[in-house]
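# Summary of the model geometry
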Amino acid sequence: MLTDDEIKDDGWRDELAERFGWMGGGYLSFEHLGGWRFIMRDLLERIDATLRDEDRGSFCISQIKEKWAELRVAHNGGAGIDRLVDAAEAASRITCDVCSGRGRVQGTGWISTRCAVHEDWRG
Ligand SMILES: [Zn+2]
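Summarised in this report is the structure supplied together with it. Keep in mind it's a predicted model, so treat the numbers as computed, not measured.

### Comments concerning the overall build of the protein
Along its length, the protein carries 5 helices and 5 strands. Its helices and strands taken in sequence order, the protein reads α-α-β-α-α-β-β-α-β-β from the N to the C terminus. Computed over C-alpha atoms, the radius of gyration of the protein comes to 15 Å, within 12% of the 14 Å expected from 2.2 N^0.38 for 123 residues, which places it in the range of a compact globule. Expressed along its principal axes, the backbone C-alpha trace of the protein runs to roughly 45 × 25 × 20 Å. Here the protein holds 123 residues, and 41% of them are scored as buried. Of the roughly 7,100 Å² of accessible surface on the protein, 48% is carried by carbon and sulfur atoms. The average position of the 17 basic charges and that of the 23 acidic charges among the side chains of the protein differ by 5 Å.

### Considering the packing of helix α3 (residues 37-50) against helix α5 (residues 79-92)
Between two packed helices, what matters for the description is the angle formed by their axes and the separation of those axes. Two elements in contact, α3 and α5, have axes separated by 10 Å at closest approach and are oriented at 170°. Taken together, the axes of α3 and α5 are roughly antiparallel relative to one another. Across the interface between the two elements, I39, L43, R46, I47 and T50 from α3 touch I81, L84, V85, A88, A91 and S92 from α5. Across the contact of α3 with α5, the residue classes tally to 8 nonpolar, 2 polar and 1 charged.

### Here we look at helix α2 (residues 11-20)
Each α-helix winds once per 3.6 residues, and so residues spaced three or four apart point in a common direction. Every buried residue of α2 is listed here: W12, R13, L16, A17 and F20. All buried residues of α2 fall inside an arc of 130° around its axis, so they share one side. Of the residues in α2, the exposed ones pointing more than 90 degrees away from the buried face are D14 and E18.

### Considering the packing of α2 against α3
Contact geometry for α2 and α3: axes closest at 11 Å, N-to-C directions at 5°. Relative to α3, the element α2 is oriented roughly parallel. In contact with W12, L16, R19 and F20 of α2, α3 contributes R37, M40, R41, L44, E45 and D48. In the contact of α2 with α3, the residues fall into 5 nonpolar, no polar and 5 charged.

### Regarding the pairing of strand β3 (residues 70-75)
Sheet faces and side chains relate simply in a regular strand, where the side chains alternate between the two faces. As defined by bridge partners, strand β2 (residues 61-67) adjoins β3 across 6 bridges and the pair is classed as antiparallel. Considered in β3, the bridge of I64 is made with V73.

Conventions used here
Every chain is numbered independently, its residues counted from 1 as its sequence is written. Whole-chain, interface and lining totals are the exception, using all residues; otherwise, since this is a predicted model, local features are given only for residues with pLDDT of at least 70 and side-chain atom pairs are given and counted only at 80 or more. Side-chain metrics in this entry use all non-hydrogen atoms of the structure; hydrogen atoms and water are not considered. Helix numbers and strand numbers start at the N terminus; a helix is a DSSP run of H or I with at least 4 residues, a strand a run of E with at least 2. Throughout, the radius of gyration refers to the C-alpha atoms, and the reference size of a globule is 2.2 Å times the residue count to the power 0.38. Using a 1.4 Å probe on the protein chains alone, a residue whose accessible area is under 20% of its type maximum counts as buried, one over 50% counts as exposed, and one in between counts as partly exposed. Accessible surface area values rest on a Shrake-Rupley calculation with a 1.4 Å probe, where residue burial reflects the displayed protein chains alone. In this tally Asp and Glu are treated as negative and Lys and Arg as positive; neither His nor the chain ends contributes. By convention, charge coordinates are those of NZ in Lys, CZ in Arg, CG in Asp, or CD in Glu. A fitted line through C-alpha atoms serves as each axis, taken over the contacting stretch for helices, and the angle formed by two N-to-C directions is quoted from 0 to 180°. If an angle is under 35 degrees, it is roughly parallel; if it is over 145, roughly antiparallel; if it lies from 65 to 115, roughly perpendicular; otherwise it is oblique. Contacts: residue pairs with any heavy atoms within 4.5 Å of one another. Throughout, the ten residues Ala, Val, Leu, Ile, Met, Phe, Trp, Tyr, Cys and Pro are labelled nonpolar, Asp, Glu, Lys and Arg are labelled charged, and all others, Gly among them, are labelled polar. The arc in question is traced by the directions running from the helix axis to the C-beta atoms. When DSSP finds two or more bridges between a pair of strands, those strands are recorded as paired.

So, in structure tokens, the structure goes:
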């Protein structure tokens, strides 16, 4: 689990955008909280390792966001990339989006995936 200092540290966004920004046409924007940073890094590394050389130029991630308490990644890749994205989305449903600890989907109206400690966390 992330410490309070790590939760506040947004450096992971620039770090991932720098490494994998080419997948987003030069930049990637992460419209989700930092608790999912490891899921995201893992996903981007797997995509990087999976893409064939001839597909790199045309591959594009158009959006990365949280929706209905889970990660959503919109891309134009094929079935192989879909499987990686599905696995990351499934992982996000059991990972607190604040601290990376074990979480569950909770809330009424506005739902999010949180551990017991961050249930009402508002940043
Ligand atoms: Zn938490």
